[in-house]
Amino acid sequence: MLKTRAADILPPFRYDVQGARGPFETRWWRVTNSPILGEDGYVRWIINRAEDVTELVELRAAAKGAK
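Basis of the calculations
Residues numbered from 1 in each chain as written. Predicted model: local features only at pLDDT ≥ 70, side-chain atom pairs only at ≥ 80, totals over all residues. Heavy atoms only, no water. Helix = DSSP H or I, 4+ residues; strand = E, 2+ residues; numbered from the N terminus. Salt bridge = Lys/Arg side-chain N within 4 Å of Asp/Glu carboxyl O. Buried < 20%, exposed > 50% of the residue type's maximum accessible area, 1.4 Å probe, protein only.

### Some thoughts on unusual backbone geometry
Move 1: One non-glycine residue with positive phi stands out, namely Arg5, at about 60 degrees.
Move 2: Along the chain, the position of Arg5 falls in the segment before strand 1 (8-9).

### Observations concerning the pattern of salt bridges
Move 1: As enumerated under the stated definition, the model contains six salt bridges in all.
Move 2: Across the pair Asp52 and Arg27 runs a salt bridge, and its minimum N-O distance is 2.7 Å. Here Asp52, found in strand 4 (residues 43-52), pairs with Arg27, found in strand 3 (residues 24-37); they are 25 residues apart in sequence, far enough to count as distant.
Move 3: Relative accessible area serves as the criterion here: at 34%, Asp52 is assigned to the partly exposed category.
Move 4: Of the charged contacts, one joins Glu51 and Arg49 as a salt bridge, the two residues approaching to 3.1 Å between their closest N and O atoms.
Move 5: What makes Arg49 partly exposed here is its relative accessible area of 49%.

Following this line, the structure appears as structure tokens:
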């Protein structure tokens, strides 16, 4: 990312979290790292964003199973 100055989007990964009622539940997350460039064109900061994509992963798995 530092050389290309392009966003780095990682594939979804499984991350089990404890649910509100106690037991753990499977969640899927996708992380995006976006560079913020300074006036000189070099990366000065990186914004790291994690997004819960559990519903998307489950819908894709169900669609594959329906084939």
